[in-house]
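# A closer look at the structure
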Amino acid sequence: MTVQHDTRLPRVAYMKFPFRLERAGPATSTRMDHIREQVMQVLFTSPGERVFRPEFGFGARRHVFEPNAAPLWELARNRLFGSLAEALAGEVDPKTLKVEVGPGPNEPEVLLVSITYTLAALQKEESLSFTL
């Protein structure tokens, strides 16, 4: 994946997720990468996993062995939408946040999560897809 960085954003370094150390110190991310990493944190953190924010996260792991059925997709979509809207407040235009959850194309055993949003500072649309 080639990432094109926009120079209109302030040059602020964010700690990389997952956290790791390099020779020069902690690894860092650009703002756009940081927002993508926040989406991954919400997706893969289970509610109750963070002590001071027990409601944070979607908990993708718990959905892996659930029945892949339409009622589950709708419940998962609503939970993920709420978690992302809270975590990305101020970074993403909330009216543009779209979350789709369902089976992969021609793969009913796969749960596909697609997230689309517009960065508030740039009015630039980003799309991410995850296969669970």
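Overview of the structure. (Residues numbered from 1 in each chain as written. Predicted model: local features only at pLDDT ≥ 70, side-chain atom pairs only at ≥ 80, totals over all residues. Heavy atoms only, no water.)

## Description of the sheet that holds strand 5 (residues 98–104)
Neighbouring strands of a sheet are bound in pairs by backbone hydrogen bonds; such pairs are parallel or else antiparallel. Strands sit in the order 5-6-7 across an open sheet of 3 strands; the sheet is antiparallel. Either end of the sheet is taken by a strand with one partner, and the two such strands are strand 5 and strand 7 (124–131). Sheet twist, expressed as the average angle between the axes of neighbouring strands with direction ignored, equals 15°. Here helix 1 (residues 31–44) sits on the sheet and contacts strand 6 (107–119) and strand 7; the angle it forms with strand 7, its principal contact strand, is near 35°. (Pairing = 2+ DSSP bridges. Helix = DSSP H or I, 4+ residues; strand = E, 2+ residues; numbered from the N terminus. Axes fitted to C-alpha atoms, helices over the stretch in contact; angles between N-to-C directions. Contact = heavy atoms within 4.5 Å.)

## What about helix 3 (residues 70–87)?
Helical geometry note: an α-helix holds 3.6 residues per turn, so side chains three or four residues apart project in the same direction. Counted at 1.5 Å a residue, the expected span for helix 3 with its 18 residues is 26 Å, and the 26 Å between its end C-alpha atoms agrees. Taken as a whole, helix 3 has its buried residues at Leu72, Ala76, Leu80, Ser83, Leu84 and Ala87. Down the axis of helix 3, the buried set is contained in an arc of 95°. They therefore lie on one face. Summarising the contacts, the buried residues of helix 3 are in contact with helix 1, helix 2 (60–63), strand 5 and strand 6. (Expected span 1.5 Å × (residues − 1). Buried < 20%, exposed > 50% of the residue type's maximum accessible area, 1.4 Å probe, protein only. Arc of directions from axis to C-beta.)

## Things to note about the pairing of strand 6
Every other side chain in a regular strand lies on the same face of the sheet, so the side chains alternate between the two faces. In this structure, strand 5 lies alongside strand 6, joined through 7 bridges in antiparallel fashion. When the bridges of strand 6 are listed, Gly102 appears paired with Leu112. Between strand 5 and strand 6, which pair antiparallel one after the other, the connecting turn spans 2 residues, and Asn106 there sits at a positive phi close to 60°. In this sheet, strand 7 lies alongside strand 6 in antiparallel orientation, the contact comprising 8 bridges.

## Re the environment of Glu86
In this fold, Glu86 is placed in helix 3. Along the chain, Glu86 and Val42 lie 44 residues apart, while their C-alpha atoms are 9.8 Å from each other. Setting aside residues up to four positions removed in sequence, Glu86 forms contacts with Arg53 and Glu55.

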